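Chain by chain, the residues run as shown.
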Amino acid sequence: MSETTLRTERAGAVARLVLARPGKLNALTANLHAELRSALESLAADDEVRVVVLTGEGRAFSAGQDLTETLPRDEQGRIDLGPPLARDYNPLLLQLVDFAKVTIAALNGPAVGASMNIALACDIVLAARSAYLQEAFVHIGLIPDAGGTWLLPRIVGPRLASALMLTGDRIPAEEAKSMGLVYRVFEDAEFESGVADFARVLSEGPALAHRLTKRALRESLGNELEAQLDLETSLQREAGFSMDFAEGLKAFRDKRSPRFAGR
Ligand code: LHQ
């Protein structure tokens, strides 16, 4: 049986997935990937869970691929990065980007290499002031993977994405916020409670509308305006049929806060 390297914690409708290899800055192994995939599958199927927070134990969010792990080799004996990407990173990226519930990457510390891109695949990135992000691949002679070359230019624009990826410079949390990579920066001492409050508020939101909004945003990346308007119409009709919309309307008319059931 492999060592457990991922902890799942629950607080109401919020699930926290904690990368737990603090001695290795939560670097990602095949085992940790398998645990992550299976935890995300369980949380996707759990109706009680509305928000998933991905964070790290200790002083880092995660330092990317564990560079001490034995990597596969091709028939000529060269290290072959194809298998770990195909088996672990690419499915994780798709699982996150297509996840039907709200996902938050809570950067308690550095998010480096593939782990920066995994954070960017979450819906919202929150960071402690001392955290940083880094497309560090170039420093070891690799290209950015884990969806980075698709995500980063769409978030910050192509010029900035080029500079960040070609230099591999560290991006301090506050700067990452000004680039649109991070939504909110918390003082280190307030990070944990700030993230918990932020996630709880989202978990009390209309889960169905969240799911449909995520779908509209995801599909917008490949759609022309006309197709997107049609999609919005169809998804908005679905939202309009929901109990949450009925409650939202009623609460507005009664001048009180809505209590969403998520359906
Ligand atoms: C680590 C790691 C690590 C193992 C720190 N692995 N032990 C690649 C290949 C395969 C398939 C798919 O994709 C990829 C994508 C990638 O993610 S490539 C990018 C991989 N990550 C990196 O290049 C970052 C490597 N780490 C660092 O540059 C530094 O550790 C950073 C800048 C993250 C932090 O520096 P410090 O704060 O000075 O900490 P440290 O270097 O002293 O690290 C603490 C410990 O963690 C240390 O272990 P030790 O036993 O000596 O105390 C490190 O060896 C270990 N560690 N990152 N990726």
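As the structure is a prediction and not an experimental result, all values here were calculated from the model.

Here is what the cut-offs are and how they apply
Here the residue numbering is sequential within each chain, running from 1 through the sequence in written order. Residue-level local features of this predicted model are given only where pLDDT is at least 70; pairs of side-chain atoms are given and counted only at 80 or more, and the full residue set underlies all totals for whole chains, interfaces and linings. No hydrogens and no water enter the side-chain calculation; it runs on all heavy atoms of the structure. The pairing criterion for strands is at least two bridges between them, as found by DSSP. Numbering goes from the N terminus for both helices and strands, where a helix is a DSSP run of H or I of at least four residues and a strand is a run of E of at least two. For every element, the axis is a line fit to its C-alpha atoms; helices are fit only across the contacting stretch, and the angle between N-to-C directions ranges from 0 to 180 degrees. An angle counts as roughly parallel when it lies under 35 degrees, as roughly antiparallel when it exceeds 145, as roughly perpendicular when it falls between 65 and 115, and as oblique in every other case. Whether two residues are in contact is decided by their heavy atoms: any pair within 4.5 Å suffices. Three categories are distinguished: nonpolar for Ala, Val, Leu, Ile, Met, Phe, Trp, Tyr, Cys and Pro, charged for Asp, Glu, Lys and Arg, and polar for the others, with Gly belonging to the last. Cavity: a set of points on a 1 Å grid over the protein atoms alone where a 1.4 Å probe fits but cannot get out. Pocket: an open set with protein on both sides within 12 Å along at least five of seven lines, its lining residues, like those of a cavity, having an atom within 4 Å of a point. Grid points are joined across faces, edges and corners, and a volume is the space filled by probe spheres set on the points.

Notes on the sheet that holds strand β9 (residues 184–186)
Here we have 6 strands laid out as an open sheet, ordered β1-β2-β3-β4-β6-β9, and mixed in their pairing. Of all the strands in the sheet, the pair left with one neighbour each is β1 (6–11) and β9. If you compare each strand with its neighbour and ignore which way they point, the axes differ by 20 degrees on average. Across 4 bridges, strand β4 (residues 102–107) lies against strand β6 (residues 124–128) in parallel orientation. When the bridges of β6 are listed, Ile-104 appears paired with Ile-124.

What to know about the packing of helix α8 (residues 207–220) against helix α9 (residues 225–240)
Put simply, α8 and α9 touch, their axes get as near as 10 Å, and they point 170 degrees apart. Overall, the two elements α8 and α9 adopt an arrangement that is roughly antiparallel. Across the interface between the two elements, Leu-208, Arg-211, Leu-212, Arg-215, Ala-216, Glu-219 and Ser-220 from α8 touch Gln-228, Leu-231, Leu-235, Glu-238 and Ala-239 from α9. Its residues assigned to classes, the contact of α8 with α9 shows 6 nonpolar, 2 polar and 4 charged.

Points about the layout of surface pockets
By volume, the largest pocket is sized at about 670 Å³. For the lining of the largest pocket, the secondary-structure elements that each account for two or more residues are β6, α4 (148–156) and α8. No other element matches the 6 residues that α8 contributes to the lining of the largest pocket. In this structure, the second largest pocket occupies an estimated 420 Å³ of space. Forming the walls of the second largest pocket are 22 residues, and the residues nearest its centre are Gly-64, Gln-65, Asp-66, Leu-67 and Ile-140. Looking at the lining of the second largest pocket element by element, the count peaks at 3 residues for helix α2 (residues 82–97).

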